[in-house]
Amino acid sequence: QTRITTRRLQEMRASRTPIACLTAYDAGFAAVLDAAGVDVVLVGDSLGMVVQGLETTVPVTLEHMIYHTSLAARGTRRALLMADMPFMSYASPEQALANAARLIQEGGAQMVKLEGDGAQEAVVASLSRHGIPVCAHLGLRPQYIHKLGGYRVQGRDSHAAERMIHDAVALQNAGADLLLLECVPALLAAEIRGMVDIPVIGIGAGVECDGQILVLQDVLGMTARPPRFTKDFLAEAGSIRGAVEAYVSAVRERRFPGPEHGFSA
Ligand code: KIV
Ligand code: NA
């Protein structure tokens, strides 16, 4: 079984085969996801909330990310392993390069993700030039929570929408291999997808994206007050393995997300 590569993700976009992504933070769950056909396993800094019991992702450190990435790496063979760059670990191109290198070399990730807008163009360009695949996370960026003052849908007014489109194109041109859109109106996400050539992965961004991602704990019904864009797949499936398989088929067949999981403009 060969591993999913950035090239394979490009082919999936070209053939309109939806890319199924989920988070995992340890070897055991990563192995379940890998066996169930999840294409991209993300070691998200959401681990701060769902594993460490923190209120936000802001306190998560690079050492935490390297540790959990190294665990998840032992559970994956086929899935592409993506690791989040935590808060303040990519404030300059030099710092980003050193920290991303550790996630790749010590953690075993094949791609890093950062919450970037136009301001992160130089960071993305530098990582890309050095052979580090990058996913740029736009829309709702939880690392900005203290600045945003709440988790809510992004890009609703035309100025913000224009800016997001501009940033998406700029980050692609800087060398990003993947875009992730979180909590973006479905129409805007579809528009952004049409403006770029790289695969667009959505969470709360409608069914037109090239792929979908959710936090594993939400899929397994563990979250007390789950966001509207998630779905508990365990309730029907009855087992963890079954829930992950049900999620993968629902994404592949574009049965998930439904309109009720998304946001209108
Ligand atoms: O940290 C995370 O789990 C994420 C996903 C929600 C996209 O960034
Ligand atoms: Na994250």
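Residues numbered from 1 in each chain as written. Chains lettered and ligands numbered in written order. Predicted model: local features only at pLDDT ≥ 70, side-chain atom pairs only at ≥ 80, totals over all residues.

Trainee: Can you help me understand the overall build of the protein chain in this one?
Mentor: Along the backbone of the protein chain there are 12 helices and eight strands. On C-alpha atoms alone, the protein chain measures out to a radius of gyration of 17 Å, which is about the 18 Å that the 2.2 N^0.38 rule sets for 265 residues. Taken over the C-alpha atoms alone, the protein chain extends approximately 45 × 40 × 40 Å along its principal axes. By residue count, 51% of the 265 residues in the protein chain fall in the buried class. (Helix = DSSP H or I, 4+ residues; strand = E, 2+ residues; numbered from the N terminus. Rg over C-alpha atoms; globule rule 2.2 N^0.38 Å. Buried ≥ 20, exposed ≤ 12 C-beta atoms within 10 Å, placed from the backbone.)

Trainee: Mind showing me how you'd approach unusual backbone geometry here?
Mentor: Of all residues except glycine, most have a negative phi; of all peptide bonds, most are trans. P257 follows F256 through a cis peptide bond whose omega is 0°. Within the secondary structure, P257 is located in the segment after α12 (240-252). Positive phi outside glycine occurs at R16, with the angle close to 60°. With respect to the helices and strands, the residue R16 is situated in the loop between α1 (6-14) and β1 (19-23).

Trainee: Explanation requested: the site of ligand 1 in the structure shown.
Mentor: Close contacts around ligand 1 come from T23, L42, G44, D45, S46, D84, L180, E182, I203, I213 and V215, and that covers them all. For the shell around ligand 1, the residue count by class is five nonpolar, three polar and three charged. (Near = placed C-beta within 6 Å. Nonpolar A, V, L, I, M, F, W, Y, C, P; charged D, E, K, R; others polar.)

Taken by themselves, the reported measurements are silent on function.
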